Amino acid sequence: MTAEAITLLGLGNLGRALAQTFVRGGHSVTVWNRSEGKAAGLAATVAGSAAEAVAAGDLVVVAVLDPAAAQKVLSGVDVRGKSLVNLTSGTPDDARELASWAEAQGAEYLHGAVYAVPQTIGTDASSIIYSGSEAVSARKSLALLGKVTYLGADAGRASGYDVAILAGMYGLLGGFLHAAALARANGIEVSELTPMLWSWLADLQPALTTFAAEIDASRYDNAESSLAMNQSGLATLVKAARAQGVPFAGLDAVKALVDRQVDSGRGQESLARAVESFGLGSQGLAGGQQEDRH
Ligand SMILES: NC(=O)c1ccc[n+]([C@@H]2O[C@H](COP(=O)([O-])OP(=O)(O)OC[C@H]3O[C@@H](n4cnc5c(N)ncnc54)[C@H](OP(=O)(O)O)[C@@H]3O)[C@@H](O)[C@H]2O)c1
């Protein structure tokens, strides 16, 4: 691979792993970090400012804490003609805002969301989804970091996927923590429970595929897992959790989504219909008018 001049802005846990991977790939890497000392042991050139670092690179990768930090780091920096890759987590609008700014400055902008931990960057266990500049996404050096999936020209699209995937992840983690608290309240070792929990979650995958198709088509007449049946199950769980002294607002919220649909007479339809309870806001969940799509 031809050596490229790559700049890394931000040497936190992720940024450092990215820089190391580019160095290992034989590229000429320039780094900058807000506080000093983070580049120790890296075979890279350390720049005295973000502007100096950007001037040295052609591909400029940003990996800082949040969108406000990314904006601050790039503010006042001449990025004309550069290929900017922002791997800082944020909302779709944050990505679009920075993309507009970059375009106005004469830079190409690609936004990415990383599915890896720093230790797995550059291995088969790393994948990154991108949207924005297709030309930048095709740069060979980016393929060093992990599997590349390009999702289109809208710079906010990768973050749209990311927030949905992370919401799913935190929902799962919240469920796991509640399961652990329930197990402990019943004198069950969480290490003993976890493989059984995981086995059941893995078996649920086909059901999620079915629910996804139902939601995309807004058709909920397959009642293999009906709202009414799940409402009853959720009521039992909420009662058990309270009795064990470990109530969980997350579980109450799932029940509220289901209740809203059952209350509107949809109890015999698929559980997937509970997605229609979103978009009504707290007003909707508290009993506002349901928009009837079918
Ligand atoms: N770590 C992961 O596993 C992982 C995975 C996927 C995505 N991400 C995303 O990648 C981004 C970076 O994560 P990380 O793990 O590297 O975080 P981190 O270890 O906490 O590092 C944060 C970095 O941001 C810099 N920073 C914070 N505020 C700043 C500001 N106002 N101006 C300039 N620089 C600032 C820090 O500089 P200082 O050293 O000076 O504090 C540091 O370089 C985050 O958006 C995170 O969500 C991380």
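Residues numbered from 1 in each chain as written. Predicted model: local features only at pLDDT ≥ 70, side-chain atom pairs only at ≥ 80, totals over all residues.

1. What to know about the sheet that holds strand S8 (residues 147-150)
How we decide: By definition, two strands form a pair when at least two bridges between them are found by DSSP. Runs of E in the DSSP output that reach at least two residues are strands. Runs of H or I that reach at least four are helices, and both are numbered from the N terminus. Contacts are defined on C-beta atoms placed from the backbone: any two residues whose C-beta positions lie within 7 Å are in contact. Orientation is described by axes fitted as lines to C-alpha atoms, over the contacting stretch for helices, and by angles from 0 to 180 degrees between their N-to-C directions.
Taken in spatial order, the eight strands make up an open sheet running S3-S2-S1-S4-S5-S6-S7-S8, and their pairing is mixed. Whereas interior strands pair on both sides, the edge strands pair on one side only; in this sheet they are strand S3 (45-46) and S8. Relative to S3, strand S2 (residues 28-32) runs parallel, the two being bridged by two bridges. Bridging from a neighbouring strand, Val31 pairs with Val46 of S3. On the sheet, helix H4 (residues 92-105) packs against strand S5 (83-86), strand S6 (108-115) and strand S7 (127-132) and is oriented at approximately 150° with respect to S6. Each of S6 and S7 touches helix H6 (residues 157-185); the most contacted strand, S6, lies at about 20° to it.

2. Quick notes on the confidence of the model for the protein
Our working rule: Each residue gets a pLDDT score, which is the predictor's confidence in that residue and runs from 0 to 100.
Residues at a pLDDT of 70 or more form 95% of the protein, whose mean pLDDT is 94. Low pLDDT, under 50, characterises residues 281-294; the stretch is placed with 14 contacts to residues that sit more than four places away or in other chains.

3. Thoughts on the pairing of S2
Stated formally: Exposure criterion: with C-beta atoms placed from backbone coordinates, a residue whose C-beta has 20 or more other C-beta atoms within 10 Å is buried, one with 12 or fewer is exposed, and one in between is partly exposed. The path from the first strand over the helix to the second decides the hand: if it runs clockwise while the strands point away from the viewer, the crossover is right-handed.
A large share of S2 lies buried, amounting to four of its five residues. Pairing of strand S1 (residues 5-9) with S2 involves five bridges; the strand directions are parallel. Each bridged residue has a counterpart across the sheet, and for Ile6 the counterpart in S2 is Val29. Viewed along the sheet, the connection from S1 through helix H1 (residues 13-24) into S2 turns out right-handed.

4. As for the environment of Lys239
When you line up the elements, Lys239 lands in helix H9 (residues 227-243). With 11 C-beta atoms counted inside 10 Å, the residue Lys239 sits in the exposed group. It is 45 Å that separates the C-alpha atoms of Lys239 and Val148, two residues lying 91 residues apart in sequence.

5. Some details on the nonpolar core
As a reminder of what qualifies: The nonpolar core is taken to be a set of buried Ala, Val, Leu, Ile, Met, Phe, Trp, Tyr and Cys residues joined by way of C-beta atoms within 7 Å.
Membership of the largest hydrophobic core comes to 49 residues, with the highest contact counts inside it found for Leu8, Leu9, Leu18, Val31, Val61, Val62 and Val85. A per-element tally of this core places H1 first, with five residues. Counting nine residues, the second-largest nonpolar core is a separate cluster that includes Tyr220, Leu271, Ala272 and Ala274.

6. Notes on H6
Selection criterion: Expected span of a helix, by definition, is 1.5 Å for each gap between consecutive residues, and there is one gap fewer than residues.
Helix length check: H6 (29 residues) gives 42 Å between terminal C-alpha atoms against 42 Å at 1.5 Å per residue, within 8%. Among all positions in H6, only Arg157, Ala158, Ser159, Asp162, Leu182 and Ala183 are buried. Contacts made by the buried residues of H6 are with H4, S6, S7, helix H7 (190-203) and H9. Where H6 ends, the next residue or the one after it, Gly187, has phi of about 70°, a positive value.

7. A short note on the domain arrangement of the protein
Cut-off, in case you're wondering: For each domain, the first and last residues come from an automatic or database assignment.
Partitioning the protein into structural domains gives domain 1 (5-154) and domain 2 (161-285). Averaged C-alpha coordinates put domain 1 and domain 2 at centres separated by 37 Å.

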